[in-house]
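Report on the structure
What follows is each chain in one-letter form.
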Amino acid sequence: MRYADITGWGKCTPPAILTNGDLSTFLETDDAWIVSRTGMKERRISHVPVSDLAHIACARALAAAGKTAAEVGLIIFGSCSFDQIVPNSASRVQQLLGADNAACMDLNTACTSGMYALSVATAMIRTGVVQSALVIGAEVTSSMMDWSNRDVAVLFGDGAAAFYLEGSEHKAGVVAESLGCFGKNRDILDVAGWGQKYANQGVILGETKWNFNGPEIFKRAVVGMSRACDNVLEKEGLAKEAIDLIVPHQANLRIIDALAKRMGASDEKVYINIQRYGNMSAATAPLALVEAIEEGRVAPGAKILMPAFGGGLTWSAHLLTWGSRTAPLGTSDIDLSPCDKTGLQLVLEIIAARQIKKG
Ligand code: ACO
């Protein structure tokens, strides 16, 4: 049996920080509400397009795997905030890396995009279509945010993570997964102005209005993720107690707590970084796994469960068996262009640019 081992990992977090206090300077909100209702304290705001973040994360993942760009057979870019639709964003990452032998595709399932991308790459390696892949989960929602809507503006942040996958005869990488979608409920997270749908109703691309029913998404997120977790455990014939670490999508600390309770998982078995980054959509779960590895929370052979959900409403859970190595083989000295602005300055610039556009 052939598997797709994850032998490289990397992240790219833009340096500009937007705190809860910063948000309260232009929204009717405060640190106490945001922390108690979501667990978030700060998030990152990107000064560069999403493909730049993805490029750095990929360069670091390649270095960690000890591979060159020429060895990459596939780049799959999970996101819903692509620089452009044509040409796709994976092709820009290929260009920046010089990964000339890679097939390139973009994939959008909203917040689960990075995890769905992991499934597609794993399947293509396991079936021999490609021998290796870079899987990206990256998002820059700040430029598509409705910064006048406190219901959503406080929840999201920007970031990127990437994994290098290669074929292996050892049982490693994704060993079971469950993917699905509550399409009947797709309208409870609908962003006007982020695509063509409302164009003939006078909605301008980028002028987003988030039709977002937080409490309803909350409930379906808990149900969808816990069912998906049960599915993968059953597929693999594993008991909940056999899981070493749960690395969930981080949309709300209370959602994570509800999920952990259903899974009977103690605090030390759940990896959480929502306080530092908020919800980075497609980047969230992949970046959480990268940080869990960096912090020594993943041991060789560890069984890792990664549930996620997103707009659509898509849901997923992946069961990973970690391979034999948790230390990177190398590092990359490549980095983002410097940023001399704060997160608040970057957000105020986005708001001002839209006002100029409106005239
Ligand atoms: N600051 C202060 N008050 C706020 C804020 C804010 N930022 N946002 C909402 N409120 C108010 C509301 O107006 C409401 O006031 P009211 O009682 O006077 O009407 C009150 O706080 C409670 O609002 P609820 O919506 O009931 O609060 P809830 O406890 O459900 O928390 C939240 C809202 C955080 C959005 C939660 O429902 C949630 O996390 N939902 C799912 C998260 C989510 O959808 N994430 C994106 C998923 S898709 C993806 O990941 C791409």
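Residues numbered from 1 in each chain as written. Predicted model: local features only at pLDDT ≥ 70, side-chain atom pairs only at ≥ 80, totals over all residues. Heavy atoms only, no water.

The α-helix advances 3.6 residues per turn, and as a result positions three or four apart in sequence lie on the same side. Along helix 10 (residues 284-294), 10 of the 11 residues are buried, which leaves the element largely enclosed by surrounding structure. Within the span of helix 10, buried status applies to Thr284, Ala285, Pro286, Leu287, Ala288, Leu289, Val290, Glu291, Ala292 and Ile293. The positive-phi residue at the C-terminal boundary of helix 10 is Gly296, with phi of around 75 degrees. (Buried < 20%, exposed > 50% of the residue type's maximum accessible area, 1.4 Å probe, protein only. Helix = DSSP H or I, 4+ residues; strand = E, 2+ residues; numbered from the N terminus.)

Attention now moves to the site of the ligand. Around the ligand sit 23 residues in total, of which Thr29, Arg37, Cys111, Asn252 and Asn279 are the nearest. Trp33 places a polar side-chain atom, nitrogen or oxygen, 3.2 Å from an oxygen atom of the ligand. A distance of 2.9 Å separates an oxygen atom of the ligand from a polar side-chain atom of Asn279. For the shell around the ligand, the elements supplying multiple residues, two or more each, are helix 2 (31-38), helix 6 (150-153), helix 7 (214-236) and helix 8 (253-263). Broken down by element, the residue count for the shell around the ligand peaks at 4 residues, all from helix 7. (Near = heavy atom within 4 Å. Polar contact = N/O pair within 3.5 Å; in protein donor to acceptor, adjacent residues only side chain to side chain.)

With that out of the way, let us pick up the pattern of salt bridges. Taken as a whole, this structure holds 15 salt bridges when the rule is applied. Of the charged contacts, one joins Glu169 and Arg2 as a salt bridge, the two residues approaching to 3.6 Å between their closest N and O atoms. Taken as a pair, Glu169 in the loop between strand 7 (159-168) and strand 8 (173-181) and Arg2 in the segment before strand 1 (3-12) lie far apart in primary sequence, 167 residues in all. With relative accessibility at 23%, the residue Arg2 sits in the partly exposed group. As a salt-bridge pair, Glu216 and Lys219 come within 2.9 Å of each other at their nearest N and O atoms. On the criterion of helical spacing, the pair formed by Glu216 and Lys219 is a turn pair, its members being 3 residues apart in helix 7. Overlapping salt bridges, with partners in common, bring together Lys11, Arg276, Glu291, Glu294 and Glu295 in one network. (Salt bridge = Lys/Arg side-chain N within 4 Å of Asp/Glu carboxyl O.)

Attention shifts here to the packing of helix 3 (residues 50-65) against helix 4 (residues 89-97). Put simply, helix 3 and helix 4 touch, their axes get as near as 9 Å, and they point 55 degrees apart. Judged by the inter-axis angle, helix 3 sits oblique to helix 4. The handedness of the crossing between helix 3 and helix 4 is right-handed. Facing helix 3, whose interface residues are Ser51, Asp52, Ala54, His55, Cys58, Ala59 and Leu62, helix 4 presents Ser89, Arg92, Val93, Leu96 and Leu97. (Axes fitted to C-alpha atoms, helices over the stretch in contact; angles between N-to-C directions. Parallel < 35°, antiparallel > 145°, perpendicular 65-115°, else oblique. Left-handed = near helix turned anticlockwise from the far one by under 90°. Contact = heavy atoms within 4.5 Å.)

Looking at the element boundaries, Ile256 is found in helix 8. Between the C-alpha atoms of Ile256 and Met225, which are 31 residues apart in sequence, the distance is 9.8 Å. Setting aside residues up to four positions removed in sequence, Ile256 forms contacts with Pro248, His249, Gln250, Val270 and Ile272.

Put simply, helix 7 and helix 8 touch, their axes get as near as 10 Å, and they point 35 degrees apart. In this structure, helix 7 meets helix 8 at a crossing whose hand is right-handed. Contact residues: Phe218, Ala221, Val222, Val223, Met225, Ser226, Cys229, Asp230 and Leu233 in helix 7; Arg254, Ile255, Ala258, Leu259, Arg262 and Met263 in helix 8. Grouping the amino acids of the contact of helix 7 with helix 8 by side-chain chemistry returns 11 nonpolar, 1 polar and 3 charged. (Nonpolar A, V, L, I, M, F, W, Y, C, P; charged D, E, K, R; others polar.)

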